[in-house]
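These are the residues of each chain, in order.
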Amino acid sequence: DALERDGPKGVVEEFLKAAPYMRMFSVYVKNFDKSTQTLENVRSKHAINSFIRACELQKVCHQLNLSSYLIMPVQRVPRYRLLMETILKYTSTDDPLLPRLREALGQVSDVAAKINEDVHLREAQDKILQLQMEFGTLDFLEPSRQLLMDGDLTKITRNGPKEHKFLLFNDKLVYGE
């Protein structure tokens, strides 16, 4: 609509208006793995799987399965960034739209970087929770705590060398058998 109404300027202006709202995708992307895992678990139930499959076969689904639709929001912001980069590539250096186009690309790129950062933070928290369960303690997860390294090391004791699992956090060193 914006392209037909206002040409390329309309598209750029729409991206500039929408960029702050694209951060919402971060929540979806962070939880995407859990969503797909839940879908796999649900599909193991025959009645639900049959219903989902019947829905997927509907003409309105365009021969795409539910997983294909679930991945679309994950791909959206990176595709927007690629689109803006492509438009920028083919825009002449004297085009009056160039500064606004660069601004739009910057905003979309910032959103993509924030989403990636949030995903990595979520993965790190999941790893800490997994280690917390392995160690059987409840105090590993803290808002500012980061896992820097984990692995097996040999601790030299009076009784001789002994293998231990070590966890190095930014504020704590933990080891256990």
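On a predicted model such as this, the values are computed, not experimentally measured, just so you know. (Residues numbered from 1 in each chain as written. Predicted model: local features only at pLDDT ≥ 70, side-chain atom pairs only at ≥ 80, totals over all residues. Heavy atoms only, no water.)

## Some remarks on the layout of surface pockets
Inference 1: Taken as a whole, the largest pocket holds about 180 Å³ of empty space.
Inference 2: As for the largest pocket, its lining consists of Val29, Lys30, Asn31, Phe32, Asp33, Lys34, Gln37, Val74, Val119, Arg122, Glu123 and Asp126.
Inference 3: Among the secondary structure elements, those contributing two or more residues to the lining of the largest pocket are α3 (25–30), α4 (32–43) and α7 (98–135).
Inference 4: For the lining of the largest pocket, the residue count by class is four nonpolar, two polar and six charged. (1 Å grid on protein atoms, 1.4 Å probe; cavity = no way out; pocket = protein on both sides within 12 Å on 5 of 7 lines; lining within 4 Å. Points joined across faces, edges and corners; volume = space filled by probe spheres on them. Helix = DSSP H or I, 4+ residues; strand = E, 2+ residues; numbered from the N terminus. Nonpolar A, V, L, I, M, F, W, Y, C, P; charged D, E, K, R; others polar.)

## Side note on the packing of aromatic side chains
Inference 1: Applying the stated criterion across every chain, the model contains four aromatic pairs.
Inference 2: When the ring of phenylalanine 166 is compared with that of tyrosine 175, the centres are 5.1 Å apart and the planes differ by 20°; the resulting orientation is stacked.
Inference 3: Members of the aromatic cluster, connected to one another through ring pairs, are Phe135, Phe140 and Phe169. (Phe/Tyr/Trp six-rings, centres within 6.5 Å; stacked < 30°, edge-to-face > 60°.)

## What about unusual backbone geometry?
Inference 1: With a phi close to 55°, histidine 62 is a non-glycine residue in the positive phi region.
Inference 2: Position of histidine 62 among the secondary structure elements: in the loop between α5 (46–56) and α6 (66–89).
Inference 3: Judged by relative accessible area, histidine 62 falls into the exposed class, the value being 61%. (Buried < 20%, exposed > 50% of the residue type's maximum accessible area, 1.4 Å probe, protein only.)

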